[in-house]
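One-letter residues, chain by chain:
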Amino acid sequence: MSSSSRPSRRVVLAGAAAVGALSAVSVSGAVAQAAATAPAYRWRNAVIGGTGFVTGVLFHPSVRGLAYARTDIGGAYRWDDRAARWTALTDHLGWDDWNLLGVEAIAVDPAHPNRVYLSLGAYAQSWAGNGAVLRSEDRGATWARTDLAVKLGANEDGRGAGERLLVDPRDSDTLWLGTRHDGLLKSTDRGATWAAVSAFPAAPSATGQGVTFLVAVGRAVYAGWGDGDGNGTAGTANLYRTSDGTTWEAVPGQPVGATSAKVPIRAAYDRHTRDLYVTYGNAPGPNGQSDGSVHKLRTTTGRWTDVTPVEPGGTTSDGSADTFAYGGVAVDACRAGTVVVSTNNRWADIDTLFRSTDGGRTWTSLKDAAVFDVSETPFLKWGGDAPKFGWWIQALALDPYDSRHLVYGTGATLYGTRDLKHWAPQIRGLEETSVRQLISPPVGEAHLLSGLGDIGVMYHERLTASPSRGMASNPVFGSATGLAQAAAKPSYVVRTGWGDNGNGAFSNDGGRSWAPFAAQPDIAKNAPGPIATNADGSVLLWTFVHWDGTKYPAHRSTDNGTTWSEISSIPKGATPVADPADPTLFYAYDTDTGTLYASTDSGLSFTARAGGLPSGDSQFELVAAPGRSGDLWLSVKWNGLHRSTDGGVTFTKVASCWASYTLGFGRAAEGAAYPAVYMVGSTDTITAVYRSDDEAKTWTRINDDAHQWGWTGEVITGDPRIHGRVYLATNGRGIQYGEPV
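None of the values given here were measured: they were computed from a predicted structure.

1. Examining the overall build of the chain
- Broken down by element type, the chain carries zero helices and 59 strands.
- A compact globule built from 741 residues would reach a C-alpha radius of gyration of about 27 Å, and the chain, at 26 Å, matches this within 12%.
- Judged by the C-alpha coordinates and their principal axes, the chain covers about 80 × 60 × 45 Å.
- Expressed as a percentage of the 741 residues in the chain, the buried residues total 61%.
- Contacts in the chain between residues at least 24 apart in sequence constitute 53% of all its contacts with a sequence separation of at least 6.
- For the chain, the exposed area adds up to about 25700 Å²; of that, 48% sits on carbon and sulfur atoms.
- Side chains of the chain give 63 positive and 72 negative charges; the mean places of these two sets differ by 4 Å.

2. Looking at the packing of aromatic side chains
- Scanning the model with the defined rule gives 30 aromatic pairs in all.
- Each ring, one from Trp 95 and one from Tyr 661, has its centre 4.4 Å from the other, and the planes form 45°; the classification is tilted. Here the residue Trp 95 occupies a position in the loop between β6 (85-88) and β7 (103-109), and Tyr 661 occupies one in strand β53 (residues 659-666), the gap between them amounting to 566 residues.
- With centroids separated by 6.0 Å and ring planes inclined at 70°, the aromatic side chains of Phe 389 and Trp 423 adopt a geometry described as edge-to-face. Of this pair, Phe 389 sits in the loop between β29 (371-372) and β30 (396-398) while Trp 423 sits in strand β33 (residues 422-425); the two residues are 34 residues apart in sequence, bridging distant segments of the chain.
- Under the relative-accessibility criterion, Phe 389 is labelled buried at 5%.

3. Considering the sheet that holds strand β59 (residues 735-740)
- The strand order across the open sheet built from four strands is β2-β59-β58-β57, with neighbouring strands paired in antiparallel fashion. Two strands lie at the open edges of the sheet, namely β2 (41-45) and β57 (716-718), each paired on one side alone. Pairs of neighbouring strands in the sheet enclose a mean axial angle of 20°, with direction left out of account.

4. Remarks on the environment of Ala 395
- With respect to the helices and strands, Ala 395 occurs in the loop between β29 and β30.
- For Ala 395, a relative accessible area of 0% corresponds to the buried category.
- In sequence terms Ala 395 and Trp 547 are 152 residues apart; their C-alpha atoms lie 29 Å from each other.

5. A closer look at the pattern of salt bridges
- Throughout the structure, instances matching the rule amount to 32 salt bridges.
- Across the salt bridge formed by Arg 241 and Glu 249, the nearest N and O atoms sit 2.9 Å from each other.
- Residue Glu 249 is classed as partly exposed on the basis of its relative accessible area of 38%.
- Via salt bridges that share partners, Asp 109, Arg 115, Glu 137, Asp 173 and Arg 190 belong to a single interconnected network.

6. Quick look at the side chain of Gln 437
- Residue position: Gln 437 is located in strand β34 (residues 435-439).
- Looking at Gln 437, the relative accessible area reads 13%, which means it is buried.
- At 3.2 Å, the side chain of Gln 437 and the backbone oxygen of Thr 481 are in polar contact.
- With near-sequence residues (within four places) excluded, Gln 437 lies in contact with Leu 449, Ser 450, Gly 451, Leu 452, Ala 480, Thr 481, Gly 482, Leu 483 and Val 715.

7. Concerning unusual backbone geometry
- The omega torsion across Gly 162 and Glu 163 is 0°, close enough to zero to call that bond cis.
- Topologically, Glu 163 is positioned in the loop between β10 (144-147) and β11 (165-167).
- The omega angle of the peptide bond from Asn 474 to Pro 475 is 0°, so this bond is cis rather than trans.
- Not every positive phi belongs to a glycine, and Trp 392 is a case in point at roughly 55°.
- In this fold, Trp 392 is placed in the loop between β29 and β30.

8. Overview of the environment of Ala 669
- Looking at where Ala 669 falls in the secondary structure, it is placed in the loop between β53 and β54 (676-682).
- Contact partners of Ala 669, with chain neighbours within four places excluded, come to Asp 693 and His 723.

9. As for the pairing of β54
- Most of β54 is tucked away: seven of the seven residues are buried.
- A two-sided burial pattern is seen for β54, the buried positions comprising Ala 676, Tyr 678, Val 680 and Ser 682 on one face and Val 677, Met 679 and Gly 681 on the other.
- Sheet topology places β53 next to β54; seven bridges connect them, and they run antiparallel. Each residue of the ladder has a partner; that of Thr 662, found in β54, is Val 680.

10. Here's the deal with the pairing of strand β36 (residues 456-460)
- Most of β36 sits out of view: five of its five residues are buried.
- One ladder, built from five bridges, connects strand β35 (residues 448-452) with β36; its direction is antiparallel. Paired with Leu 449 across the strands is Tyr 459, a residue of β36.

11. Focus: the nonpolar core
- One finds Leu 353, Phe 379, Leu 406, Tyr 408, Leu 438 and Ile 735 to be the most contacted residues of the largest nonpolar core, which totals 35 residues.
- Within the residue set of this core, elements represented by two or more residues are β30, β31 (406-409), β34, β35, β58 (726-729) and β59.
- In this structure, Ala 76, Leu 93, Leu 120 and Leu 134 belong to the second largest nonpolar core, which totals 17 residues.

12. With respect to the side chain of His 460
- Residue position: His 460 is located in strand β36.
- Overall, His 460 belongs to the buried group, its relative accessible area being 1%.
- Reaching out from His 460, the side chain makes a polar contact with the side chain of Ser 450 at a distance of 2.7 Å.
- Setting aside residues no more than four positions away along its own chain, His 460 makes contact with Val 47, Ile 48, Ala 446, His 447, Leu 448, Leu 449, Ser 450, Pro 467 and Ile 735.

13. A short note on the sheet that holds strand β49 (residues 621-624)
- Across the sheet, which stays open at both edges, the four strands sit in the order β49-β50-β51-β52 with antiparallel pairing between neighbours. Both edges of this open sheet fall to β49 and β52 (652-653), since each of them pairs with a single strand only.
- Pairing geometry for β49 and strand β50 (residues 632-635), over four bridges, is antiparallel. Bridge assignment links Glu 621 to a residue of β50, and that residue is Ser 635.

14. Section: the environment of Leu 430
- The topology assignment puts Leu 430 in the loop between β33 and β34.
- For the pair formed by Leu 430 and Thr 413, sequence separation is 17 residues and the distance between their alpha carbons is 8.8 Å.
- Contact partners of Leu 430, with chain neighbours within four places excluded, come to Gly 49, Gly 50, Ala 69, Thr 71, Tyr 77 and Trp 86.

15. Regarding the confidence of the model for the chain
- A residue-level look at the chain finds 94% of positions with pLDDT of 70 or above and a mean pLDDT of 93.
- Overall, residues 1-36 carries pLDDT values under 50, and its contacts beyond four positions in sequence, including any with other chains, amount to 109 contacts.

Here is what the cut-offs are and how they apply
- Residues numbered from 1 in each chain as written.
- Predicted model: local features only at pLDDT ≥ 70, side-chain atom pairs only at ≥ 80, totals over all residues.
- Heavy atoms only, no water.
- Helix = DSSP H or I, 4+ residues; strand = E, 2+ residues; numbered from the N terminus.
- Rg over C-alpha atoms; globule rule 2.2 N^0.38 Å.
- Buried < 20%, exposed > 50% of the residue type's maximum accessible area, 1.4 Å probe, protein only.
- Contact = heavy atoms within 4.5 Å.
- Areas by Shrake-Rupley, 256 points an atom, 1.4 Å probe, with all protein chains shown as cover.
- Lys, Arg positive; Asp, Glu negative; His and termini not counted.
- Charge placed at Lys NZ, Arg CZ, Asp CG, Glu CD.
- Phe/Tyr/Trp six-rings, centres within 6.5 Å; stacked < 30°, edge-to-face > 60°.
- Pairing = 2+ DSSP bridges.
- Axes fitted to C-alpha atoms, helices over the stretch in contact; angles between N-to-C directions.
- Salt bridge = Lys/Arg side-chain N within 4 Å of Asp/Glu carboxyl O.
- Polar contact = N/O pair within 3.5 Å; in protein donor to acceptor, adjacent residues only side chain to side chain.
- Core = buried A, V, L, I, M, F, W, Y, C linked by side-chain atoms within 4.5 Å.
- pLDDT = per-residue confidence, 0-100.

Structure follows, in structure tokens:
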């Protein structure tokens, strides 16, 4: 991603040791029915289209039109060829299973078309839960689950490698699973239980990549190993194989190169020519690569050939170093010797796909003749005139029934072609956005404005189509950090975020068009935090928090961002909240001390009010009820929900729930005097989505066990014009909106 995109939800954390035994307990993963007391709600995505890193795509070798896709934090999908859209397969994973929305690998069984397997686990860090394997006999409609005793890393470095999960080509009951830090695992009961493969010769480490891919080569299985030294040193080879499922050996004659052939990324086997193609990088990717290669092994003779299309390290026309690695690889099941590979991390000359029809002797760059149509997802122009061919291209697949149907994943979408020239997003139904802010305006064309990770701010004039304006521009942001609307002047909206050409902007037409602030504090470029505007839009308060958590003094503007002055009396890093009825009032909750601060002079100064409230968590959230002055609600996670009706002088704990993570408001029910209240929290034993039509005296769960989406604690808001409609932020499954049936 560009520097304007940081810090992304895809920032990869440093490796840590994974611990635990290598056995697993099988548990049921079938989706339960919703509670009988819950009202019937229909949940859908507010359409954007993709927006995240598609890390793997797999066509089924035995079924025309059947394919699966995986993402780093947004679950897995099945392609419905007749409907030309993706169906989400893992939305049933709930709050406690948030880590399992990262899909490390997919496997299908060529002999049993309805079987599909997923290995899940976003992080291998000590603070993350263990991984799991899901197995299905009905193409992902229902699942059985095995919890592993090891951790996986679907959102860490190397997440575009693979696949790390494989059905043994000789026995459908046997599966192989490659891990980052715990070697190779094997199951002989179709994934119900797993054990370590002690005969696998490579030694795992606490910080390594481990097994990068598993691929069937006839009746043999080959395994890529990400921790070799690239020189073929004994014990540190990077490619192994077994012919009998019991004994393993390093593949003889494998390529050497301390950088060009250090980490095997992906492999594909041409059954016609019996050639195995392997792509390499000097690092696992998707970032941090600068060298790589493509090699071919004639498995019948053991002869290796370097078939690299273009060697990294040249110079572009502007003098930049053309460094990159190779990523995806796919062979044509219908045409012998036809293979496609992708470059990766090629920022200077832009990534491409190379295609060969003669076994890698000659190559053609598909980028050179590519014609793109991104009208279905206009944000892919990134505020410019045309889209890029792509970046982070490690997922690549060729339809085994259509030689001209080629798809590849990028950091933002999945492109497909049916003629090798004309490309369009093949992304319908796949929504992977990490959502940061949501506003439902009380008037205007759009019922929704959103602030998003990686793709800035969007104006949703329709919920069923990607926003026609694409990303908010002038300037373009990567990740949004703030979004606010003047309650009494909804045409005025402000936004903040990470960007190379300014970090704040305002709109006078409800978010349709934007202009940058005329000036900004120096700290804004490196620590753009949340922003608030008072009820009439005459005052802005901007707080600054670096991505590493460092907090800085807030700043205030009374001239629409032309000049700014530091406000020392508001706690550093505290998110300002405007009173929706009185333009002279602002509030801020100091999560470090558990103190509510208030300003009665339009943000010029703040003084402490209620204290002794829960502290120590920057994700505690303060919101103000619409149309009322001083009506504040404080969500403090498992410390519950607190409310103040006197502007934060006193707070009372709400007895109807024991946990509250995020809270918002929507149109009141018919005959009700108070807005509908929506919450992600807990009233009983589970964390779920709730609505209250009686001022939080009672709650009704409005999602069900099939619609949970992992972690949903960032933001929720109702629609002020439609009772019952609610918009919910997810961390990798886009914007979900629900309506009573």
